[in-house]
Structure formats: structure tokens, C-alpha cells
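Here is what each chain is made of, one letter per residue.
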Amino acid sequence: MEIHHIAENDSILNKFIAEIRDEKIQKDSLRFRRNIERIGEVLGYELSKSLAYSNASVNTPLGKKEIKLFNNNMVLCSILRAGLPLHQGLLNYFDDAENAFISAYRHHPKNDSDFEIVVEYFASPSINNKTLLLVDPMLATGQSLVAVYEAIKKHGTPKEIHIVSVIGAKQGVDFVNNHFPENTKLWIATIDDQLNEKGYIVPGLGDAGDLAYGSKL
Ligand SMILES: O=P(O)(O)OC[C@H]1O[C@H](OP(=O)(O)OP(=O)(O)O)[C@H](O)[C@@H]1O
Ligand SMILES: O=c1cc[nH]c(=O)[nH]1
Ligand SMILES: [Mg+2]
């Protein structure tokens, strides 16, 4: 897997990441969602550099200009719930993309530290031979992404897979690396060192789904 760790180079992205992590600023859910969306725009821009471009031309009122445009058939597939604002950020730039949504949640049959991933809802166009973007802001243990990939695989074979995420844990990035095809590309804003006993990223930001949309039962 090709890992693109975008905040390794300092940029305006650092400010958006700082705000979603900040325990005071993140309480403003409107700002939290918008910051995740802005990060999606930055990651989308970075990812766009890896797409396949071909010659095209555009007619202006005064003449004609040759330009290169990408010609990938793209499907944005977000993992509910927390993937939604990141999805919107990517869609702001990849506005011609098709869209898919899949649910994944942690089911705790016994205790907080013991969970399995349940994948249920899946609404998607065909992904066969397309550029698939798997979108989830948090890559903690990596189990959600791998469970989602196992479910999606039954519905077709994409030409290429890009994973788009905001905060990852080293352990989860390694897990994903071991379970996705070699030509997968990961576009991730930042990577933290640790996971706690509940599988939360440390220092991370807390629960992205709850911060964006409120707590759930
Ligand atoms: O890498 P993992 O260990 O699988 O954890 C990451 C998953 O956890 C979060 O979802 P969550 O289960 O909190 O659902 P939510 O989006 O509904 O809050 C997050 O959005 C990922 O999908
Ligand atoms: O740190 C984490 C781990 C899983 N889900 C989150 O929202 N945050
Ligand atoms: Mg959550």
C-alpha cells in the first residue's frame, strides 16, 4: 500500500486538524463538520494528483485552450456515520463522482474493549472497473475498513482503491496495509502512535461520529 501522510509537510491543513482535536473547539459541531469537510477538500486535491489525465480542450469566448483532465470513473463510498462530512468535502471537488454508502458499527457483545464490526446497509452503484474511494475519518484498529472491503468485494472489483482518512493509529494503518491489495493508496491527514484499551486513537480526537452528529444509544 502506498501511504500518503499529508500533514508530514506543514500547511493550512495543520489548522483544520488542530481544531478538530481541540477539546473546546470540537464541541462546536457545525465547525467540527466543516473542518472535516475542509480536510476532505485538501485530501481530495492531493489525491487528484495521482489520477490518470488525458488531453482535452476548452473553448473560451476568445479561443481554444488545450488542457489535461482526469478521466477516472469515480465512486465515493463513505462509512456511516462519521464518513459523511468527509464525503461532502470530497464531493465538493469530485462533483461528477458516483456515491455509495455503507454502514459499519462496533458491536460490543461482552465489554467495552471487546467488539466486532457489523456491516449492514450498503447502497452503491456498480464499482466494477472504477476508481473506488473508501472514506472514513477515523482509522483506529482498521477493522471497520477491512470489514467494509470484505463486504464490498462481493459486489464487484474496482480498478483501483483509494482510502481517504483523517486520523489514523499506526497499528490500524499496518492492519489495513496487510488486508488491502498492494496497489491501494492511503491518503491520510495525520497518524498517531497509540490506541487505548477501547480501541480509540490516542491522542486522536474522541468519537468523530458523536462530535459530528451527537451521541447515540
Ligand atoms: O478502525 P476501527 O477500529 O474500525 O474504528 C474506526 C471506526 O470507528 C468510527 O465509527 P463508529 O463505530 O464510532 O461509528 P459512528 O460513525 O456511527 O460513530 C469511525 O468512523 C470508523 O468507522
Ligand atoms: O478514536 C476513535 C476510534 C474509533 N472511532 C472514533 O470516532 N474515534
Ligand atoms: Mg463513533
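Report on the accompanying structure. Bear in mind that the values here come from a model prediction, so they are computed numbers and not experimental data.

What surrounds ligand 2 is the set Arg106, Met138, Ala140, Gly199, Tyr200, Ile201, Gly206, Asp207 and Ala208. A distance of 2.8 Å separates an oxygen atom of ligand 2 from a polar backbone atom of Ile201. Interatomic distance of 2.8 Å between a backbone N/O atom of Ala208 and an oxygen atom of ligand 2. The class makeup of the residues in the shell around ligand 2 is five nonpolar, two polar and two charged.

This brings us to the site of ligand 1. Around ligand 1, the surrounding shell holds 15 residues, and the nearest of these are Arg106, Asp136, Thr141, Gly142 and Ser144. Between ligand 1 and Gly142 there is a distance of 2.8 Å, counted from an oxygen atom to a backbone nitrogen or oxygen. Contact with the protein chains covers 93% of the free accessible surface of ligand 1, which is 500 Å². Going through the elements one at a time, β8 (138-139) and α4 (143-153) are the ones with two or more residues in the shell around ligand 1.

For the rest of this paragraph, the subject is the nonpolar core. With 36 residues, the main nonpolar core has Ile39 and Leu133 as its most contacted residues. Where this core is concerned, the elements lending two or more residues are α1 (13-21), α2 (29-48), β4 (74-80), α3 (83-93), β7 (131-135), β9 (160-169), β10 (185-192) and α6 (208-213). Each residue touching Leu133, except ones within four places of it in the same chain, is listed here: Leu47, Met74, Val75, Leu76, Cys77, Leu90, Phe94, His162 and Val164. Judged by nonpolar contacts, the second largest core, of 26 residues, contains Ile79, Ala104, Val148 and Tyr149.

Taken N-terminus to C-terminus, the directions of α1 and α2 make an angle of 150 degrees; their axes are 9 Å apart at the nearest point. Relative to α2, α1 is oriented roughly antiparallel. Every pair of crossing elements has a handedness; the one defined by α1 and α2 is left-handed. On α2, the residues touching Leu13, Lys15, Phe16, Ile17, Glu19 and Ile20 of α1 are Arg31, Phe32, Asn35, Ile36, Arg38, Ile39 and Val42.

Rules of the game
Residues numbered from 1 in each chain as written. Chains lettered and ligands numbered in written order. Predicted model: local features only at pLDDT ≥ 70, side-chain atom pairs only at ≥ 80, totals over all residues. Heavy atoms only, no water. Near = heavy atom within 4 Å. Polar contact = N/O pair within 3.5 Å; in protein donor to acceptor, adjacent residues only side chain to side chain. Nonpolar A, V, L, I, M, F, W, Y, C, P; charged D, E, K, R; others polar. Areas by Shrake-Rupley, 256 points an atom, 1.4 Å probe, with all protein chains shown as cover. Helix = DSSP H or I, 4+ residues; strand = E, 2+ residues; numbered from the N terminus. Core = buried A, V, L, I, M, F, W, Y, C linked by side-chain atoms within 4.5 Å. Buried < 20%, exposed > 50% of the residue type's maximum accessible area, 1.4 Å probe, protein only. Contact = heavy atoms within 4.5 Å. Axes fitted to C-alpha atoms, helices over the stretch in contact; angles between N-to-C directions. Parallel < 35°, antiparallel > 145°, perpendicular 65-115°, else oblique. Left-handed = near helix turned anticlockwise from the far one by under 90°.

Nothing here speaks to function; it is all geometry.
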